[in-house]
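Per-entry structural report
Now for the letters of each chain:
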Amino acid sequence: MDDQPDDRQALNRWMAIQAARVGGVVLAILGLLIGEGRVPGPPWLGYGMLVAGLAVIFVVPLKLARKWRSPKP
């Protein structure tokens, strides 16, 4: 039995990683705008969103890639 993902599954995984990155960027930008007072909201929420967005950008794609890594032959 072959554990290699097929092309469709690999594409779906790649798109999930890219969606996580884009979502993190959107979250970070929105947090920055809230923190700077350009969008209504408490500054602490904005800076918290900024930190969470940066964590999503840098941590989630690595975790997903490690989880979905192809087994060594």
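Residues numbered from 1 in each chain as written. Predicted model: local features only at pLDDT ≥ 70, side-chain atom pairs only at ≥ 80, totals over all residues. Heavy atoms only, no water.

1. With respect to helix α1 (residues 7-35)
Applied cut-off: In DSSP terms, a helix is any run of H or I states spanning at least four residues, a strand is any run of E spanning at least two, and both are numbered starting from the N terminus. A helix's residues, less one, multiplied by 1.5 Å, set its expected span. We call two residues in contact when some of their heavy atoms are within 4.5 Å.
In this model, α1 (29 residues) spans 42 Å end to end at C-alpha, consistent with the 42 Å of a helix rising 1.5 Å per residue. Where α1 is buried, its residues contact α2 (43-58) and α3 (60-67). Positive phi appears at Gly37, one or two residues downstream of α1, with a value of about 85°.

2. Notes on the packing of α1 against α2
Threshold: Each axis is a line fitted through C-alpha atoms, taken for helices only over the stretch in contact, and angles between the N-to-C directions span 0 to 180 degrees. In this scheme, roughly parallel covers angles under 35 degrees and roughly antiparallel covers those over 145, while 65 to 115 is roughly perpendicular and the rest are oblique. Should the near helix be turned counterclockwise from the far one by less than a right angle, the crossing is left-handed, whereas a clockwise turn marks it as right-handed. Each residue gets one of three labels, nonpolar for Ala, Val, Leu, Ile, Met, Phe, Trp, Tyr, Cys and Pro, charged for Asp, Glu, Lys and Arg, and polar for the others, Gly among them.
Packing of α1 against α2 leaves a shortest axis separation of 7 Å and a crossing angle of 160°. Taken together, α1 and α2 sit at an angle that is classed as roughly antiparallel. Judged by the sense of rotation from one axis to the other, the crossing of α1 with α2 is left-handed. In this structure, α1 uses Ala20, Arg21, Gly24, Val25, Leu27, Ala28, Leu30, Gly31, Leu32, Ile34 and Gly35 to contact α2, whose residues at the interface are Pro43, Gly46, Tyr47, Met49, Leu50, Ala52, Gly53, Leu54, Val56 and Ile57. Within the contact of α1 with α2, the residues separate by chemical class into 15 nonpolar, five polar and one charged.

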